[in-house]
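A structural walkthrough
Listed below are the residues making up each chain.
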Amino acid sequence: MFSWFQVPEDIKQLLILAADNWQNTSVSEAYLNQALAQTNDYIDVLVAGYRYFYYKNNYQMALTTATKVIDKVKCSENLPDNWQQRKQILINRKEDESIRLYLTAYASSGLVLAKLGEIEKAKIICTQIQEIDLNNEFQSASILLDILTRSPEEDE
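Let me begin by describing the structure that accompanies this report. Note that the structure is predicted; figures quoted are calculated from it, not measured.

How each quantity is defined
- Residues numbered from 1 in each chain as written.
- Predicted model: local features only at pLDDT ≥ 70, side-chain atom pairs only at ≥ 80, totals over all residues.
- Heavy atoms only, no water.
- Helix = DSSP H or I, 4+ residues; strand = E, 2+ residues; numbered from the N terminus.
- Buried < 20%, exposed > 50% of the residue type's maximum accessible area, 1.4 Å probe, protein only.
- Contact = heavy atoms within 4.5 Å.
- Areas by Shrake-Rupley, 256 points an atom, 1.4 Å probe, with all protein chains shown as cover.
- Lys, Arg positive; Asp, Glu negative; His and termini not counted.
- Charge placed at Lys NZ, Arg CZ, Asp CG, Glu CD.
- Expected span 1.5 Å × (residues − 1).
- Axes fitted to C-alpha atoms, helices over the stretch in contact; angles between N-to-C directions.
- Parallel < 35°, antiparallel > 145°, perpendicular 65-115°, else oblique.
- Left-handed = near helix turned anticlockwise from the far one by under 90°.
- Nonpolar A, V, L, I, M, F, W, Y, C, P; charged D, E, K, R; others polar.

Here we come to the overall build of the chain. Assigned secondary structure in the chain consists of nine helices and zero strands. Each helix and strand of the chain, ordered N terminal to C terminal, gives the series α-α-α-α-α-α-α-α-α. For the chain, the residues scored as buried account for 39% of the 156 residues in total. At a minimum sequence separation of 6, the contacts of the chain that also span at least 24 residues come to 51%. Of the roughly 9000 Å² of accessible surface on the chain, a fraction of 50% belongs to carbon and sulfur atoms. The distance from the centre of the 15 positive side-chain charges to the centre of the 22 negative ones in the chain is 3 Å.

Okay, structure coming up:
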(Lines give C-alpha, C1' and ligand atoms only; values in the text may rest on other atoms or scores of the structure.)
Protein backbone atom coordinates (compact mmCIF):
# COMPACT_ATOMS: atom_id res chain seq x y z
CA MET A 1 0.00 0.00 0.00
CA PHE A 2 1.37 3.43 -0.98
CA SER A 3 4.48 1.84 -2.52
CA TRP A 4 5.24 5.15 -4.27
CA PHE A 5 5.69 6.85 -0.90
CA GLN A 6 9.41 6.51 -0.19
CA VAL A 7 9.37 6.50 3.61
CA PRO A 8 9.68 3.77 6.24
CA GLU A 9 6.59 1.65 6.89
CA ASP A 10 6.09 3.02 10.42
CA ILE A 11 5.91 6.56 9.00
CA LYS A 12 3.36 5.43 6.41
CA GLN A 13 1.27 3.98 9.21
CA LEU A 14 1.37 7.29 11.11
CA LEU A 15 0.22 9.11 7.97
CA ILE A 16 -2.59 6.58 7.46
CA LEU A 17 -3.66 7.07 11.09
CA ALA A 18 -3.63 10.85 10.55
CA ALA A 19 -5.88 10.42 7.51
CA ASP A 20 -8.15 7.93 9.26
CA ASN A 21 -8.62 10.42 12.11
CA TRP A 22 -9.12 13.46 9.87
CA GLN A 23 -12.35 14.46 11.64
CA ASN A 24 -10.57 14.65 15.00
CA THR A 25 -8.00 17.36 14.35
CA SER A 26 -6.08 17.01 17.60
CA VAL A 27 -5.62 13.25 17.10
CA SER A 28 -4.81 13.46 13.39
CA GLU A 29 -2.41 16.35 13.93
CA ALA A 30 -0.62 14.41 16.67
CA TYR A 31 -0.03 11.52 14.25
CA LEU A 32 1.14 13.85 11.51
CA ASN A 33 3.49 15.73 13.84
CA GLN A 34 4.89 12.40 15.03
CA ALA A 35 5.54 11.40 11.40
CA LEU A 36 7.18 14.75 10.69
CA ALA A 37 9.38 14.47 13.77
CA GLN A 38 10.59 10.98 12.85
CA THR A 39 11.37 11.51 9.18
CA ASN A 40 14.37 13.81 8.96
CA ASP A 41 12.22 16.00 6.74
CA TYR A 42 11.53 13.51 3.94
CA ILE A 43 10.10 15.52 1.08
CA ASP A 44 7.05 13.25 0.70
CA VAL A 45 6.13 13.68 4.36
CA LEU A 46 6.69 17.43 4.22
CA VAL A 47 4.39 17.67 1.19
CA ALA A 48 1.78 15.60 3.01
CA GLY A 49 2.22 17.88 6.03
CA TYR A 50 1.76 20.99 3.92
CA ARG A 51 -1.45 19.65 2.41
CA TYR A 52 -2.77 18.54 5.77
CA PHE A 53 -2.09 21.87 7.48
CA TYR A 54 -3.40 23.87 4.53
CA TYR A 55 -6.72 22.02 4.42
CA LYS A 56 -7.01 22.21 8.20
CA ASN A 57 -6.55 26.01 7.89
CA ASN A 58 -3.38 25.93 9.98
CA TYR A 59 -1.61 28.34 7.65
CA GLN A 60 1.40 28.99 9.86
CA MET A 61 2.28 25.28 9.89
CA ALA A 62 1.50 25.02 6.17
CA LEU A 63 3.99 27.82 5.57
CA THR A 64 6.56 26.16 7.81
CA THR A 65 6.36 22.87 5.92
CA ALA A 66 6.33 24.55 2.48
CA THR A 67 9.41 26.53 3.50
CA LYS A 68 11.16 23.32 4.56
CA VAL A 69 10.46 21.84 1.12
CA ILE A 70 11.78 24.99 -0.56
CA ASP A 71 14.91 25.03 1.58
CA LYS A 72 15.55 21.32 1.15
CA VAL A 73 15.33 21.49 -2.65
CA LYS A 74 17.32 24.72 -2.75
CA CYS A 75 20.11 23.02 -0.78
CA SER A 76 20.05 19.69 -2.66
CA GLU A 77 20.03 21.44 -6.06
CA ASN A 78 22.58 24.04 -4.93
CA LEU A 79 20.33 26.92 -5.96
CA PRO A 80 21.85 30.37 -5.39
CA ASP A 81 20.36 32.89 -2.97
CA ASN A 82 20.36 35.64 -5.58
CA TRP A 83 16.98 35.64 -7.35
CA GLN A 84 18.31 36.61 -10.80
CA GLN A 85 20.82 33.74 -10.76
CA ARG A 86 18.28 31.30 -9.35
CA LYS A 87 15.63 32.40 -11.85
CA GLN A 88 17.78 31.43 -14.82
CA ILE A 89 18.45 27.98 -13.34
CA LEU A 90 14.74 27.50 -12.64
CA ILE A 91 13.82 28.49 -16.19
CA ASN A 92 16.42 26.16 -17.70
CA ARG A 93 15.53 23.21 -15.47
CA LYS A 94 11.82 23.70 -14.81
CA GLU A 95 11.00 20.26 -16.24
CA ASP A 96 13.22 18.55 -13.63
CA GLU A 97 11.14 16.87 -10.93
CA SER A 98 12.97 18.53 -8.05
CA ILE A 99 12.71 22.00 -9.64
CA ARG A 100 8.98 21.53 -10.29
CA LEU A 101 8.60 20.58 -6.63
CA TYR A 102 10.51 23.72 -5.67
CA LEU A 103 8.30 25.90 -7.88
CA THR A 104 5.12 24.28 -6.59
CA ALA A 105 6.18 24.73 -2.96
CA TYR A 106 7.28 28.31 -3.65
CA ALA A 107 3.96 29.16 -5.31
CA SER A 108 2.15 27.46 -2.41
CA SER A 109 4.07 29.57 0.08
CA GLY A 110 2.83 32.67 -1.74
CA LEU A 111 -0.76 31.52 -1.35
CA VAL A 112 -0.29 30.81 2.35
CA LEU A 113 1.42 34.15 2.91
CA ALA A 114 -1.59 35.86 1.32
CA LYS A 115 -3.92 33.94 3.64
CA LEU A 116 -1.77 35.06 6.58
CA GLY A 117 -2.10 38.68 5.47
CA GLU A 118 1.49 38.99 4.23
CA ILE A 119 0.28 40.52 0.96
CA GLU A 120 3.53 42.18 -0.17
CA LYS A 121 5.54 38.99 0.34
CA ALA A 122 2.87 37.02 -1.53
CA LYS A 123 2.99 39.50 -4.43
CA ILE A 124 6.77 39.16 -4.70
CA ILE A 125 6.54 35.36 -4.87
CA CYS A 126 3.71 35.44 -7.42
CA THR A 127 5.63 37.90 -9.57
CA GLN A 128 8.74 35.72 -9.42
CA ILE A 129 6.76 32.62 -10.38
CA GLN A 130 5.30 34.52 -13.34
CA GLU A 131 8.83 35.45 -14.48
CA ILE A 132 9.62 31.74 -14.75
CA ASP A 133 6.25 30.43 -15.87
CA LEU A 134 6.42 31.34 -19.55
CA ASN A 135 3.82 28.66 -20.48
CA ASN A 136 1.42 29.58 -17.65
CA GLU A 137 1.73 26.16 -16.01
CA PHE A 138 1.49 27.63 -12.53
CA GLN A 139 -1.73 29.55 -13.16
CA SER A 140 -2.50 29.79 -9.48
CA ALA A 141 0.32 32.31 -9.04
CA SER A 142 -1.04 34.45 -11.89
CA ILE A 143 -4.57 34.28 -10.52
CA LEU A 144 -3.43 35.10 -6.99
CA LEU A 145 -1.33 38.02 -8.22
CA ASP A 146 -4.33 39.34 -10.16
CA ILE A 147 -6.48 39.14 -7.02
CA LEU A 148 -3.82 40.78 -4.84
CA THR A 149 -3.18 43.64 -7.25
CA ARG A 150 -6.74 44.29 -8.44
CA SER A 151 -8.05 47.68 -7.47
CA PRO A 152 -11.32 47.82 -5.50
CA GLU A 153 -13.00 49.57 -8.44
CA GLU A 154 -12.34 46.52 -10.64
CA ASP A 155 -14.34 44.32 -8.25
CA GLU A 156 -17.52 46.29 -8.91
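Turning next to the environment of Ile-147. Looking at the element boundaries, Ile-147 is found in helix α8 (residues 139-149). Overall, Ile-147 belongs to the partly exposed group, its relative accessible area being 48%. Taking C-alpha positions, Ile-147 is 42 Å from Asp-10, a pair spaced 137 residues apart along the chain.

Every α-helical turn comprises 3.6 residues, leaving residues that sit three or four positions apart pointing alike. Helix length check: helix α6 (residues 97-115) (19 residues) gives 27 Å between terminal C-alpha atoms against 27 Å at 1.5 Å per residue, within 8%. All buried positions along α6 are accounted for by Ile-99, Tyr-102, Leu-103, Ala-105, Tyr-106, Ala-107, Ser-108, Ser-109, Gly-110, Val-112, Leu-113 and Ala-114. Backbone geometry just after α6 places Gly-117 at a positive phi near 90°.

With that settled, consider the packing of α6 against helix α7 (residues 119-132). At their nearest, the axes of α6 and α7 sit 8 Å apart, and the two run at 150° to each other. Relative to α7, α6 is oriented roughly antiparallel. In terms of crossing hand, the pair formed by α6 and α7 is left-handed. Contact residues: Leu-103, Tyr-106, Ala-107, Ser-109, Gly-110, Leu-113 and Ala-114 in α6; Ile-119, Lys-121, Ala-122, Ile-125, Gln-128, Ile-129 and Ile-132 in α7. Here the residues of the contact of α6 with α7 sort into 10 nonpolar, three polar and one charged.

Attention shifts here to the environment of Gln-60. Relative to the helices and strands, Gln-60 resides in helix α4 (residues 59-76). Classification of Gln-60 by relative accessible area gives partly exposed; the value is 46%. Separated by 31 residues in sequence, Gln-60 and Ile-91 have C-alpha atoms that sit 29 Å apart.

Let us now look at the packing of α4 against α6. Think of two packed helices as two axes; the pair is described by the angle between the axes and how far apart they sit. Two elements in contact, α4 and α6, have axes separated by 9 Å at closest approach and are oriented at 155°. It follows from the interaxial angle that α4 and α6 lie roughly antiparallel. The interaxial crossing formed by α4 with α6 has left-handed handedness. For the pair formed by α4 and α6, the contact residues are Tyr-59, Ala-62, Leu-63, Ala-66, Val-69, Ile-70, Val-73 and Lys-74 on the first element and Ser-98, Leu-101, Tyr-102, Ala-105, Tyr-106, Ser-109, Val-112, Leu-113 and Lys-115 on the second. When its residues are assigned to classes, the contact of α4 with α6 shows 13 nonpolar, two polar and two charged.

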